[in-house]
There are 2 protein chains.
Amino acid sequence: MTYCIGMNLDAGLVFLSDARTNAGVDDLRSAGKMRTFGADGERLLVTLSAGNLSLTQNVLNLLDQRARHEPDRPGLHNARSMVDVAQLVGDCMREVRARDEAYLRARDIDPTGSFIVGGQIAGEAPRLFLVYSEGNFIESTPETPYFQTGETRFGKPIIDRVIVPGTSLHEASKCALVSMDSTMRANLSVGPPLDLLVYRRDSLGATIQRRLEETDPYLMTLQRQWNDALRIALNALQPAPWLDDCDG
Amino acid sequence: MTYCIGMNLDAGLVFLSDARTNAGVDDLRSAGKMRTFGADGERLLVTLSAGNLSLTQNVLNLLDQRARHEPDRPGLHNARSMVDVAQLVGDCMREVRARDEAYLRARDIDPTGSFIVGGQIAGEAPRLFLVYSEGNFIESTPETPYFQTGETRFGKPIIDRVIVPGTSLHEASKCALVSMDSTMRANLSVGPPLDLLVYRRDSLGATIQRRLEETDPYLMTLQRQWNDALRIALNALQPAPWLDDCDG
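Residues numbered from 1 in each chain as written. Chains lettered and ligands numbered in written order. Predicted model: local features only at pLDDT ≥ 70, side-chain atom pairs only at ≥ 80, totals over all residues. Heavy atoms only, no water.

Novice: Help me understand the packing of helix α4 (residues 169-186) of chain A against helix α5 (residues 217-236) of chain B in this model?
Specialist: Each pair of packed helices gets described by two things: the angle between the helix axes and the distance between those axes. The geometry of α4 of chain A relative to α5 of chain B is characterised by a closest axis approach of 9 Å and an angle of 105° between their N-to-C directions. Considered as vectors, α4 of chain A and α5 of chain B are oriented roughly perpendicular to each other. Contacts between α4 of chain A and α5 of chain B involve E171, K174, C175 and V178 of chain A from the first element and R231, L234 and N235 of chain B from the second. Looking at the contact of α4 of chain A with α5 of chain B residue by residue, the classes come out as three nonpolar, one polar and three charged. (Axes fitted to C-alpha atoms, helices over the stretch in contact; angles between N-to-C directions. Helix = DSSP H or I, 4+ residues; strand = E, 2+ residues; numbered from the N terminus. Parallel < 35°, antiparallel > 145°, perpendicular 65-115°, else oblique. Contact = heavy atoms within 4.5 Å. Nonpolar A, V, L, I, M, F, W, Y, C, P; charged D, E, K, R; others polar.)

Novice: Please explain the nonpolar core as it appears in this structure.
Specialist: Note on soluble globular proteins: their nonpolar side chains tend to be buried together. With 76 residues, the main nonpolar core has M7, I159 and W226 of chain A together with M7, I159 and W226 of chain B as its most contacted residues. Beyond its immediate stretch of four places on either side in the chain, W226 of chain A contacts I158 and V178 of chain A together with R161, L230, A233, L234 and L237 of chain B. (Core = buried A, V, L, I, M, F, W, Y, C linked by side-chain atoms within 4.5 Å. Buried < 20%, exposed > 50% of the residue type's maximum accessible area, 1.4 Å probe, protein only.)

Novice: Whenever I open this one, the sheet that holds strand β11 (residues 194-200) of chain B confuses me. Can you help?
Specialist: Sheets are built from strands paired through backbone hydrogen bonds, the pairs being either parallel or antiparallel. All names here are of chain B. Here we have five strands laid out as an open sheet, ordered β10-β1-β2-β11-β12, and antiparallel in their pairing. Where the open sheet ends on each side, the last strands, each with one partner, are β10 (146-150) and β12 (208-212). With strand direction ignored, the average angle separating the axes of adjacent strands in the sheet is 10°. Pairing geometry for strand β1 (residues 3-9) and strand β2 (residues 12-17), over six bridges, is antiparallel. Paired with L9 across the two strands is G12, which belongs to β2. Packed on one face of the sheet, helix α4 (residues 169-186) meets β1, β2, β11 and β12 and runs near 160° to β1. (Pairing = 2+ DSSP bridges.)

Novice: What's the story with the sheet that holds strand β7 (residues 113-121) of chain A in this structure? I'm lost.
Specialist: Residue and element names in this part refer to chain A. Judged by pairing direction, the sheet is antiparallel, and its five strands sit side by side in the order β5-β6-β7-β8-β9 without closing on themselves. Lying at the two open borders of the sheet, with one neighbouring strand each, are β5 (34-39) and β9 (137-139). The mean angle between the axes of side-by-side strands here comes to 20°, regardless of whether they run parallel or antiparallel. As defined by bridge partners, strand β8 (residues 127-131) adjoins β9 across three bridges and the pair is classed as antiparallel. Note that in β9 the partner of L130 across the bridge is I138.

Novice: Would you explain the relation of the copies chain B and chain A in this entry?
Specialist: Mapping chain B onto chain A calls for a rotation angle of 180° and an axial translation of 0.0 Å; the resulting RMSD is 0.0 Å. Such a turn and shift between the copies fits a two-fold axis. Residue F154 of chain B of chain B places its C-alpha closer to the rotation axis than any other residue of that unit, at 2.4 Å. (Least-squares fit on C-alpha atoms with pLDDT ≥ 70 in both.)

Novice: What's the story with the interface of chain B and chain A in this structure? I'm lost.
Specialist: Frequently, the measure chosen for interface size is the accessible area removed from exposure when the parts meet. Taken together, the 53 residues of chain B in the interface contact 53 residues of chain A. Sorting the residues of chain B by area buried against chain A places R161, L234 and W242 of chain B first, and these three jointly supply 18% of that buried surface. Our count for the chain B to chain A interface comes out at six salt bridges. Between D160 of chain A and R185 of chain B there is a salt bridge, with its nearest N and O atoms 3.4 Å apart. Connecting chain B to chain A are 32 residue pairs in polar contact (both at pLDDT 80 or more). The dominant element in the side of chain B that touches chain A, judged by the number of residues it contributes, is α5 of chain B, at 13 residues. (Buried area = accessible area lost by both parts, 1.4 Å probe. Salt bridge = Lys/Arg side-chain N within 4 Å of Asp/Glu carboxyl O. Polar contact = N/O pair within 3.5 Å; in protein donor to acceptor, adjacent residues only side chain to side chain.)

Pasting the structure below:
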């Protein structure tokens, strides 16, 4: 499993992914789910992948090779809009699935995967997309300015309650880390190291890009503080009059 | 879908369930998932059910009819331990499944269901069990003094971080309501009215039993306060030094 979050805010974009991959609990490995493609001052593209690792890696390999060796062909390096980028990812998804799917299905292996694709290309605003396993895609909206993929449920409530387009990049980053922490506590197949990328609107380069290991002091502080904060917040909730004497 | 929570604390037991049932989004109905069986001063038994409604209702019908009409047979009314109660629920589950399962499977209808079963019988401590669809069951432990059934993931992190055996009944009730609220926000097929039962240890009768409608003033206050509290708690988390200037 995996857990990835992408947020599209007025101030820019926030991306967070775990780096655990597994083919069963006896085959856990570490593999980053975040990839960036960029040309400083011109474009920054970020992908977060979930699902079948051979599918998602080969989609990225295909995109990478084509940008490198076939510069005249439409690719990540010359797409003029983030919509074209999402389309390219979707097309490559279909290409790799067409090649591998029958072989995987024959062995009951799930051949599906998905991408969160975001970034900015000079000339348009930062944008964020979710590319499905079938190659089609949707874009984030002000009503729901975020996407999650993988093990999404444990970490959804905190994002759902906090994130609006006006949330600052700093606040959104903390929210994403808390959401990830809730997910890691509940699902062993989601785990550190974590990859965080913060992108300030119109900067056309990564503002902050950081890998947080399991023993990262800030991550450990955040986990402890959030645990305490929730207990305090719950305690501070107005008591129901009819619950008042239930403890005798 | 459904969401049910049972907690086994030093001070007693807390049960919370929603009352939405659906056979597709165009067939939503309300059906309480909580049932109590009791004899004041002698025993209080509570069941919370999830899954196929015809299965879980008929398990309870069977138990109810037998307690009523076959008083000499082992039943909810004369079980001497909560273990026997969990066993009775499991046996009836097998009985109803044996009768219906082939017919349901033939139409691709999921024939499974599960119960949280808790309570106290004079002479032993309050106990809490999870009875699986196959009729086997497990008991709560001090390490994980709660069970959830149905749509469990959205509401797990808050319980996971807060509930320990020493949590008060009042605090645990608020926690259960917040966990339910997170779930209702995320999954339309979980919804009010909610049934809450608080059981104080050794009281051998329901301490608080309350149905909360969607417009219940306390529920609405709790939802608003929790939303605010989370935003404040997130804001109060120690900022990462390396995130300090990401908003420019």
